[in-house]
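Summary of structural features
What follows is the residue order along each chain.
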Amino acid sequence: MKITQHFTLEELTASATARSRGIKNEPDRQAIINLTALCVAVLEPLRQWWGREVKIGSGYRCTKLNDAVGGVRNSQHMYGEAMDIRIDGVSANDLYSFLKKQPEVRYAYKINGTNVHFDIPKGKR
């Protein structure tokens, strides 16, 4: 299911851990609304700014998947309000700097040398 021009629901929910453990990582209606808002407000502008594919390291996680990967109990990933991303050829520092300047981003931090986590304000739950 295509969410925006460059992002699909499948890539926002993909997980090797879910596949290997047989976990159905399917967002509910509100999580899809939140994922759409996240794509429109942050991921699409990011893609347009850098002109490169944004790679999702960790997107939506159902509760069972969040537990399996050791996510925090109240992770915004479970609501479609957070992503861990990277862009090949763009440093985590540059990506982090871009995200920190976006008014729609509530919080961002570098995970490692290539990946950055960000989240948007909490939506309706």
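The structure reproduced in this document is the subject of the present report. (Residues numbered from 1 in each chain as written. Predicted model: local features only at pLDDT ≥ 70, side-chain atom pairs only at ≥ 80, totals over all residues. Heavy atoms only, no water.)

This paragraph deals with helix H5 (residues 92-100). Within H5, burial applies to Ala-92, Leu-95, Phe-98 and Leu-99. Projection of H5 onto a plane perpendicular to its axis shows the buried side chains occupying an angular sector of 125 degrees, all on one side. Residues of H5 that are buried sit in contact with helix H3 (29-50), strand S2 (82-86), strand S3 (107-110) and strand S4 (116-119). (Buried < 20%, exposed > 50% of the residue type's maximum accessible area, 1.4 Å probe, protein only. Helix = DSSP H or I, 4+ residues; strand = E, 2+ residues; numbered from the N terminus. Arc of directions from axis to C-beta. Contact = heavy atoms within 4.5 Å.)

Below, the discussion takes up the packing of aromatic side chains. This model, assessed by the stated rule, comprises two aromatic pairs. Both rings, one in Tyr-107 and one in Tyr-109, keep their centres 5.7 Å apart while their planes meet at 55 degrees; by these two values the pair is tilted. Judged by its relative accessible area of 36%, Tyr-109 falls in the partly exposed class. Here the basic side chain of Lys-110 rests over the ring of Tyr-96, its NZ or CZ set 5.4 Å away from the ring centre. (Phe/Tyr/Trp six-rings, centres within 6.5 Å; stacked < 30°, edge-to-face > 60°. Lys NZ or Arg CZ within 6 Å of the ring centre and 35° of its normal.)

In this fold, Thr-13 is placed in helix H1 (residues 9-13). Leave out the neighbours within four places in its chain, and Thr-13 touches Asn-25, Pro-27 and Tyr-60.

As for its placement among the helices and strands, Gln-5 is situated in the segment before H1. By relative accessible area, Gln-5 is classed as exposed at 56%. Sequence-wise, Gln-5 and Val-40 are 35 residues apart; in three dimensions their C-alpha atoms are separated by 9.4 Å.

The next point concerns the nonpolar core. With 31 residues, the main nonpolar core has Leu-43, Met-83, Ile-85, Leu-99 and Phe-118 as its most contacted residues. Elements that contribute at least two residues to this core include exactly H1, H3, S2, H5 and S4. Ranked by the residues each element gives to this core, the list is headed by H3, at seven residues. Once you skip the residues sitting within four places of it in the chain, Phe-118 turns out to touch Leu-38, Val-42, Leu-43, Glu-81, Ala-82, Met-83, Ile-85, Leu-99, Val-105, Tyr-107 and Ala-108. (Core = buried A, V, L, I, M, F, W, Y, C linked by side-chain atoms within 4.5 Å.)

Bringing the pattern of salt bridges into the picture now. A full pass over the atoms with the stated rule returns five salt bridges. Linking Lys-24 and Glu-26 is a salt bridge whose minimum nitrogen-to-oxygen distance equals 3.9 Å. (Salt bridge = Lys/Arg side-chain N within 4 Å of Asp/Glu carboxyl O.)

Now for the pairing of S3. Where S3 lies against S4, four bridges are found, and the strand directions are antiparallel. Residue pairing in the sheet places Ala-108 in a bridge with Phe-118 of S4. Here S3 hands over to S4 after five residues, the two strands then running antiparallel side by side. (Pairing = 2+ DSSP bridges.)

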